[in-house]
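# Descriptive structure summary
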Amino acid sequence: MPHYSPDAVADPDTAACPVVGLAIDTRAHASDWHAHRRAQLLYQAEGGVTLYLPDLVGQLAPLQAAWLPAGCPHRTAMHGRFAYRSLYFDVAAYPELPSEPMILDVNPLLRELVLRVTEWSADAALDAGQARIVATLLDELAAAPAAPLPLPMPRDRRLAPIARELLANPACPLSLDDWAGRVGASGRTLARLFLAETGLPFSRWRTQCRLLAARARLAEGASVTAVAHAVGYASDSAFIAMYRRAYGEPPGRKKRRHDPDAGACCREEDA
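Summarised in this report is the structure supplied together with it. Only a predicted model underlies this, so the values are computations on that prediction, with no experimental measurement involved.

Next up on the list: the pattern of salt bridges. Tallied over the full model, the rule gives three salt bridges. When the shortest N-O distance is used, the salt bridge between Glu112 and Arg111 registers 2.0 Å. Residue class for Glu112 comes out partly exposed when judged on its relative accessible area of 44%. Take Arg111: its relative accessible area is 15%, and that puts it in the buried class. Between Asp156 and Arg158 there is a salt bridge whose closest N-O contact spans 3.0 Å.

Here we take up helix H8 (residues 236-247). Helix length check: H8, at twelve residues, gives a terminal C-alpha distance of 16 Å against a target of 16 Å (1.5 Å per residue), a fit within 8%. Listed as buried for H8 are Phe239, Met242 and Tyr243. Down the axis, H8 shows its buried residues gathered within 95 degrees of arc, on one side only. Away from the buried face of H8 by more than 90 degrees, exposed residues Ser237 and Arg245 are located. Gly248 lies just past H8 and shows a positive phi near 75 degrees.

Further remarks concern the pairing of strand S4 (residues 56-60). Counting buried residues in S4 gives five out of five residues, a clear majority hidden from the surface. Judged by which residues are buried, S4 turns out to be covered on both faces: Leu56, Gly58 and Leu60 on one side and Val57 and Gln59 on the other are all buried. Bridge count between strand S3 (residues 39-53) and S4: five bridges; the pairing is antiparallel. Paired with Tyr52 across the bridge in S4 is Val57. What sits between the antiparallel neighbours S3 and S4 is a turn of two residues. With two bridges joining them, S4 and strand S9 (residues 151-152) adopt antiparallel strand pairing. Each bridged residue has a counterpart across the sheet, and for Val57 the counterpart in S9 is Leu151.

Looking now at the packing of aromatic side chains. When we look at a pair of aromatic rings, we describe it by the centre distance and by the angle of the planes. One pass over the full model with this rule turns up seven aromatic pairs. A connected cluster of aromatic rings, assembled from ring pairs, spans Tyr233, Phe239, Tyr243 and Tyr247. A cation sits over an aromatic face here: Arg75 above Tyr52, 3.9 Å from the ring centre.

Turning to the layout of surface pockets, a few remarks are in order. Considering only enclosed or pocket space, the largest pocket measures out at about 350 Å³ in volume. Together, 19 residues line the largest pocket, and Pro150, Gln208, Arg215, Ala246 and Tyr247 are the ones closest to its centre. Contributing elements (two or more residues each) for the lining of the largest pocket: strand S7 (102-105), strand S8 (146-147), helix H6 (202-219) and H8. Per element, the largest residue contribution to the lining of the largest pocket is six residues, and it comes from H6. Here the residues of the lining of the largest pocket are counted per class, giving twelve nonpolar, four polar and three charged. Counting only domains with at least three residues in the lining of the largest pocket, you end up with domain 1 (12-147) and domain 2 (151-247).

Among the secondary structure elements, Asp156 is positioned in the loop between S9 and helix H3 (160-168). Once residues within four sequence positions are removed from consideration, Asp156 is found in contact with Leu193 and Glu197.

How two helices sit against one another is set out by the angle between their axes and by the gap between those axes. Close contact between helix H4 (residues 176-183) and helix H5 (residues 187-198) brings their axes to 8 Å; oriented N to C, the two are set at 100 degrees. Regarding the angle of H4 to H5, the classification is roughly perpendicular. Along its contact with H4, which presents Leu176, Asp177, Trp179, Ala180 and Val183, the element H5 presents Gly187, Leu190, Ala191 and Phe194. Its residues assigned to classes, the contact of H4 with H5 shows seven nonpolar, one polar and one charged.

So, how was this worked out
Residues numbered from 1 in each chain as written. Predicted model: local features only at pLDDT ≥ 70, side-chain atom pairs only at ≥ 80, totals over all residues. Heavy atoms only, no water. Salt bridge = Lys/Arg side-chain N within 4 Å of Asp/Glu carboxyl O. Buried < 20%, exposed > 50% of the residue type's maximum accessible area, 1.4 Å probe, protein only. Helix = DSSP H or I, 4+ residues; strand = E, 2+ residues; numbered from the N terminus. Expected span 1.5 Å × (residues − 1). Arc of directions from axis to C-beta. Pairing = 2+ DSSP bridges. Phe/Tyr/Trp six-rings, centres within 6.5 Å; stacked < 30°, edge-to-face > 60°. Lys NZ or Arg CZ within 6 Å of the ring centre and 35° of its normal. 1 Å grid on protein atoms, 1.4 Å probe; cavity = no way out; pocket = protein on both sides within 12 Å on 5 of 7 lines; lining within 4 Å. Points joined across faces, edges and corners; volume = space filled by probe spheres on them. Nonpolar A, V, L, I, M, F, W, Y, C, P; charged D, E, K, R; others polar. Domains from an automatic or database assignment. Contact = heavy atoms within 4.5 Å. Axes fitted to C-alpha atoms, helices over the stretch in contact; angles between N-to-C directions. Parallel < 35°, antiparallel > 145°, perpendicular 65-115°, else oblique.

Right under this line is the structure:
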């Protein structure tokens, strides 16, 4: 797998090859808002990534990938030690690519195809064998189980400070009635707006927010007990029950999932 220095990586948006792969292993990092002219498949090999879009937030776990259409503004926060593999597709060469952002489960075949593409030069056109690999990759991508990013963000000026505070401090205990005097609207109005703008009641939105924060902290290596308290649960058992209902497995298991791929490079700003 190629190794890169931060100032010596081909820009994936201007590379000659219609599919460019980058492999990055490093420590915690947060990118600024940016967008690519190419569509991006961000595969999480190890660690956790919180992915921010203008109106959505999602948590990418190991062995999952995020699909970001061309031109989609986003930023990322990488947690703890992490490894990701990104593919960038020229939309002129592949006009049938998905047009909506989503999170995908990555099966072993799709994983191996992603890793193969990261070995290719960004400066050459595809040969016939590589073109067949890309065609198979796109078939697997189309068949992969997909879900929209899980946390829709409200845009209303009265809801925005509530959402920002809960993302920064998921243990915040304030109710909508508590927030009412701070943002200039009644608790009933805030509840109605939350449902209208996110499709979720406030209590469910807050639970989703806490789940995202919990997955990020677990990816950083925090204990279940520490995570439970950090996201506002008084007991481990209540947190574990909530997590199991959401994900079908206890929180400790996510910490043990990882991809053994060990390529390394260090361009962090392209996440």
